[in-house]
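Residue-level listing of the chains:
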Amino acid sequence: MAIESFDVAIIGGGPGGYVAAIRASQLGFKVACIEKRETLGGTCLNVGCIPSKALLESSELFLQASKHFENHGIIVSKPQIDVPAMIARKDKIVKGLGDGISSLFKKNKINRIAGLGKIIASNRIEVTDKTGSKSEIEAKFIIIATGSEPASLPCLPMDGEFVVSSAEALNFKSVPKDLVVVGAGYIGLEMGSVWTRLGSNVQVLEFLPKALPISDSESAALLQRSLEKQGLNFNFDTKVTGGKREGGQIIIECEKAGQKVQFKADKALVCVGRKPNSLGLGIEALGIIVDPRTAQIKVDQFLRTAVPNIYAIGDLVAGPMLAHKAEEEGVAAAENIAGGKTTVNHDTIPSVIYTWPELSSVGKTEEQLKETKVPYKIGKFPFIANSRARTMGETEGMVKILAHEKTDRILGVHIVGPRASDMIAEAVAWVEMQASAEDVARTCHAHPTLSEAFKEAAMAVEKKAIHI
Amino acid sequence: MITEIKVPSVGESISEGVLSKWYKKTGDTVKVNEPLFEVETEKATTEIVAPDAGVLTILTAEGDKVLIGAVVGKINKSTAGASPATSPASVSASSASVATEPATSGAVSNPAARHLAEKAGVDLSAIAGSGKGARVLKEDVIAHVESQQKPNAIVPKDVRREVARETRQRMTPIRQRIAERLLHAQQSSAILTTFNEADMSAIMAFRAKYKESFQKKHGVGLGFMSFFVKAVIEGLKAYPAVNARIDNQDIVYHHFYDIGVAVSTEKGLMVPVLRNVDELTFAEIEKKIVELAVKAKENKITVGDLQGGTFTITNGGTFGSMLSTPILNPPQSGILGMHAIQKRAVVVDDQIVIRPMMYIALSYDHRIIDGKEAVSFLVRVKECLENPERIFFSV
């Protein structure tokens, strides 16, 4: 049988891979996308960003109905939670978006190949389908976009029932009475928030002395206090050493300040980071360099590996493991294959934590500026002084802008507050356009909006905020 | 109503200069035709007057390079007390130069950059933007303003010495032009100098005799220069090649006598030209020389005053020079050097006598002037100087 040949073959149909496929097709290439899952969209759509946001939204509404409606004068009888219905709603959203990507593939005439891809030569890929049968395709260019998977703790292996990853925590059939979350990173805080709102007693165990270690410390601490008020329990400097099943529960064994501590829970959710899916692809034999410590694939600024016709993008390469970063790189890789010189600026990739309040950031943290001895000024504005936040009854948090002391260039923006996820878009645009804080301060913002807090924070850089 | 202040054309073939001095400050109220600033070009320094009345805003700092036509400031009429009295005619006349856009348009810039530039009186279009799409950022304006505040930043600091071992200074446009032209003259012509000497007794006697009556009648002193100019005309008439120029394969003879007279100014040597001197009287020549010298010293000389001479006279004697070999002023082919007058023992009619003597030098372009002609020209000049009546009788 003749081997089918493509201009560009992409291994992985996540946000990096499917976007690369569409862009490559737009550029006139014959494109194949190899995906092991039944559905496209990767971790993000199937077991990550999207389903978690669906549950965060549902649980937030439940919380609003339970606790905050009466502040608005809305009287409802005690709301009930139907977990299977909530999960079913989430699944429907995921399916809808997945179908959307499938139709985009059809529209762009992208050949979707189901199975696990393995590169066997610099222009040849072997695909193993779920029945185990193998086939091969040829491609002039290959983009590796196999993403990442949750990292596990050797002392607390996942069993899919009591000790689970974020994927299973999206599909609990009922609200666990006691939930242990190992790791106070963004996934732990988001999933911890969902189940806290729905009634779980959540204990967050963190090896380090603070939550969200790579976020701006002041902002992370502000968020942590809000979450504590909502009922999340934080245990820092706590090292998980093992776990054992006891009855229908699991006992998590820890060490804290030399003392042994135990946490009894119905479920333990392990969110201690993610590791690149760079192994088993057969790429090292081709000369592609994989960092043995981080498992990241080494690429140049144009995302090309050591093999000139093979590119790697997204969670596999350096930079934050975020869907939108992978999408940018997918576009860049496709354009570079077409002879372009597209690069992705890692300094202007926003990050968002979808707790409530939300925490969003772009650029440098105050700690990074101190470490690199960059002189800076700070402008802050609290949402309690923002009229729109007051009308929403969402007054926790603040906007914090870090600007260069001399040039006034905006170096970092950190927002803790309502809809911080949407507000960060403006900050990213300013940072991308190399703006100064004064540029923001001199730009009109609509009233009454949350975005005024951003403008006021920019004015506060020169201590000229109006409303505080 | 805002009127832009633009750098006007200050002469043919001049496209840029340096805004060397502002006479007014931002915020000053200025009147129409009041001197505002001066522009120094490679040929001259020109005073520019206000095109309109109103309150001045300066956009270009002193020492900045400016292009002809560049906007260096603006005058806001609405804030001037005189504006209501302006007649409709003058309003419509001036409206042609009223800016329809801010002076900073053109350069793409961020809002804070525009604001700071306005505040600092900096022209945004003069700043190279470092942002996306050459956008001018606030930091670009800060850097620009700082670089202007520290013009001597390139002088390295010597921690051991109080006094720097050297200083480096950018040549002014005029000095750069002088350097360029002198080097060009040396490299592009075959310059040779011939010498003679003249007994100045007769001229000195004339001057002593008519000094007061000349001054009374003409309002100007009777100097040496008018005699020299007239003597030179006699020489040029006798030897036309000295009044000619080379143009590629051709020799172009001039049938007019426009004589450049070198004047020393603070900014360097300038050579304003006396036109059609063969038609001028001694008094007219003296008056013209004074007029041009004053203009040169007050930076009011125009490019027109400096162009088109056919021969030059330079007087190193005013500074005490005994002998020198002047450099030609291309495309001219001859230059006469005057020197200091000294009493020397000379032999006249086999007698040793004391006479006021001056060495005179003629540098000439040997490509078109033979030695015989050059020497003869200088002899003719000498004869006319020693016997000024020869000028009147053309003998």
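Residues numbered from 1 in each chain as written. Chains lettered and ligands numbered in written order. Predicted model: local features only at pLDDT ≥ 70, side-chain atom pairs only at ≥ 80, totals over all residues.

Draft legend 1. How the structure looks around the overall build of chain A. For chain A, the helix and strand inventory stands at 13 helices and 22 strands. For chain A, contacts bridging at least 24 residues in sequence account for 65% of all contacts bridging at least 6. (Helix = DSSP H or I, 4+ residues; strand = E, 2+ residues; numbered from the N terminus. Contact = placed C-beta atoms within 7 Å.)

Draft legend 2. Up close: the overall build of chain B. Counting its secondary structure elements, chain B contains ten helices and 19 strands. For chain B, the proportion of its 395 residues judged to be buried stands at 34%. Residue pairs in contact within chain B that sit at least 24 positions apart in sequence constitute 63% of those at least 6 positions apart. (Buried ≥ 20, exposed ≤ 12 C-beta atoms within 10 Å, placed from the backbone.)

Draft legend 3. The arrangement of the interface of chain B and chain A in detail. Contact with chain B, which involves ten residues of that partner, is made by eleven residues of chain A. In terms of residue class, the side of chain B that touches chain A is built from four nonpolar, three polar and three charged. (Nonpolar A, V, L, I, M, F, W, Y, C, P; charged D, E, K, R; others polar.)

Draft legend 4. Layout of the sheet that holds strand β20 (residues 376-382) of chain A. Residues and elements named next belong to chain A. Taken together, five strands build an open sheet; the order of strands is β18-β19-β22-β21-β20 and the sheet is antiparallel. Of all strands in the sheet, those with a lone pairing partner are β18 (351-353) and β20, marking the two edges. Averaged over neighbouring strand pairs, the angle between their axes works out to 10° when direction is ignored. Bridge count for β20 against strand β21 (residues 398-404) is seven bridges, and the pairing is antiparallel. In the sheet register, Gly379 faces β21, and the bridge partner there is Ile401. Where helix α13 (residues 451-460) meets the sheet, its contacts fall on β20 and β21, and the angle it forms with β20 comes to roughly 140°. (Pairing = 2+ DSSP bridges. Axes fitted to C-alpha atoms, helices over the stretch in contact; angles between N-to-C directions.)

Draft legend 5. Representation of unusual backbone geometry in the model. Residue and element names in this part refer to chain A. With an omega dihedral of -5°, the bond running from His447 to Pro448 counts as a cis peptide bond. Inspection of the secondary structure assignment puts Pro448 in the loop between α12 (437-441) and α13. Phi is positive for Lys373, which is not a glycine, with a value near 60°. Mapping Lys373 onto the fold places it in the loop between α9 (366-371) and β20. Phi is positive for Asp408, close to 75°, though the residue is something other than glycine. In this structure, Asp408 sits in the loop between β21 and β22 (410-417).

Draft legend 6. Just the pairing of strand β9 (residues 178-182) of chain A, in detail. Residues and elements named next belong to chain A. Burial analysis of β9 places four of its five residues in the buried class, which makes it a mostly covered element. As judged from the five bridges shared by β9 and strand β10 (residues 201-205), these two strands associate in the parallel manner. The residue bridging Val180 from the neighbouring strand is Gln203, located in β10. A crossover links β9 with its parallel partner β10, the connecting element being helix α6 (residues 186-197), and its sense is right-handed. The pairing of β9 with strand β15 (residues 267-270) spans four bridges and is classified as parallel. Bridging across to β15, Val180 finds its partner in Ala268. (Right-handed = clockwise from strand over helix to strand, strands pointing away.)

Draft legend 7. Layout of the confidence of the model for chain B. Residues and elements named next belong to chain B. With 88% of its residues at a pLDDT of 70 or more, chain B has an overall mean of 83. Below pLDDT 50 for its whole length, residues 79-105 participates in 29 contacts with residues either more than four positions away or in separate chains. Note that residues 153-159 has pLDDT below 50 and, in this model, six contacts with residues that lie over four places away or in other chains. (pLDDT = per-residue confidence, 0-100.)

Draft legend 8. Spatial organisation of the packing of helix α1 (residues 15-26) of chain A against helix α8 (residues 323-337) of chain A. All names here are of chain A. Between α1 and α8, whose axes approach to 7 Å, the crossing angle comes to 30°. Crossing hand, α1 versus α8: right-handed. Contacts between α1 and α8 involve Pro15, Gly16, Gly17, Val19, Ala20, Arg23 and Ala24 on the former and, on the latter, Ala323, Ala326, Glu327, Glu329, Gly330, Val331, Ala333, Ala334, Glu335 and Ile337. Class assignment of the residues belonging to the contact of α1 with α8 gives a composition of ten nonpolar, three polar and four charged. (Left-handed = near helix turned anticlockwise from the far one by under 90°.)

Draft legend 9. Local environment of α13 of chain A. For α13 of chain A, a buried count of ten out of ten residues is recorded, marking the element as mostly surrounded by other parts of the structure. Where the residues of α13 of chain A are buried, they touch β20, β21, α11 (420-432) and α12 of chain A.

Draft legend 10. Region of interest: the environment of Ala453 of chain A. All names here are of chain A. When you line up the elements, Ala453 lands in helix α13. Residues Ala453 and Phe383, spaced 70 residues apart in sequence, show a C-alpha to C-alpha distance of 6.6 Å. Aside from chain neighbours lying at most four places away, what touches Ala453 is Phe381, Phe383, Asn386 and Val399.

Draft legend 11. Just the nonpolar core, in detail. In this structure, Val8, Ile143, Ile144, Val182, Leu269 and Ile313 of chain A are the most contacted members of the largest nonpolar core, which totals 137 residues. Considering each element in turn, this core owes the most residues, seven residues, to α8 of chain A. The contacts of Ile144 of chain A, once residues within four sequence positions are left out, are Ile11, Leu281, Ile283, Ile297, Ile310, Ala312 and Leu316 of chain A. The next biggest cluster of nonpolar side chains, apart from the first, holds 79 residues, and it includes Val18, Leu59, Phe227 and Phe377 of chain B. (Core = buried A, V, L, I, M, F, W, Y, C linked by C-beta atoms within 7 Å.)

Draft legend 12. View of the environment of Lys31 of chain B. Residues and elements named next belong to chain B. By the element assignment, Lys31 lies in the loop between β3 (29-30) and β4 (35-40). Its 12 C-beta neighbours within 10 Å are what place Lys31 among the exposed residues. Distance in space between the C-alpha atoms of Lys31 and Ala53 is 4.4 Å, their sequence separation being 22 residues.

Draft legend 13. Broad picture of the sheet that holds β4 of chain B. Residues and elements named next belong to chain B. Pairing is antiparallel across the open sheet formed by four strands, whose spatial order is β5-β4-β2-β7. The outermost strands of the open sheet, each flanked by one partner alone, are β5 (45-49) and β7 (65-67). Strand after strand, the sheet turns through a mean of 40° between neighbouring axes, direction not considered.

Draft legend 14. Molecular detail of α1 of chain A. Residues and elements named next belong to chain A. The first and last C-alpha atoms of α1 sit 16 Å apart over twelve residues, in line with the 16 Å expected at 1.5 Å per residue. Taking burial as the measure, the twelve residues of α1 include eleven buried ones, the bulk of the element. Among the residues of α1, Pro15, Gly16, Gly17, Tyr18, Val19, Ala20, Ala21, Ile22, Arg23, Ala24 and Ser25 are the ones counted as buried. The elements touched by buried residues of α1 are β1 (4-11), β2 (31-35), α2 (42-47), α4 (83-107), β6 (134-144) and α8. Downstream of α1 by one or two residues, Gly28 has phi in the positive range, about 95°. (Expected span 1.5 Å × (residues − 1).)

Draft legend 15. Just the pairing of β21 of chain A, in detail. Residues and elements named next belong to chain A. Across the seven residues that make up β21, a large majority, six, are buried. With six bridges connecting them, β21 and β22 associate as antiparallel partners. Residue pairing across strands places Val399 opposite Ile415, the latter belonging to β22. What sits between the antiparallel neighbours β21 and β22 is a turn of five residues, in which Asp408 has the positive phi angle 75°.

Draft legend 16. Broad picture of the packing of helix α6 (residues 225-238) of chain B against helix α9 (residues 371-386) of chain B. Residue and element names in this part refer to chain B. Running from amino to carboxyl end, α6 crosses α9 at an angle of 140°, the nearest separation of the two axes being 8 Å. If you check the angle between α6 and α9, you find them oblique. As α6 runs across α9, the sense of the crossing is right-handed. The residues of α9 that touch α6, namely those facing Phe227, Ala231, Val232, Glu234, Gly235 and Ala238, are Phe377, Arg380, Val381, Cys384 and Leu385. Residues that form the contact of α6 with α9 fall into these classes: eight nonpolar, one polar and two charged. (Parallel < 35°, antiparallel > 145°, perpendicular 65-115°, else oblique.)

Draft legend 17. Expanded view of the environment of Ser193 of chain A. Residue and element names in this part refer to chain A. Mapped onto the elements of the fold, Ser193 is located in helix α6. Residues Ser193 and Leu232, 39 residues apart in the sequence, show an inter-C-alpha distance of 7.3 Å. If near-sequence neighbours (up to four positions away) are discounted, Ser193 is found in contact with Leu56, Leu227, Thr355 and Trp356.

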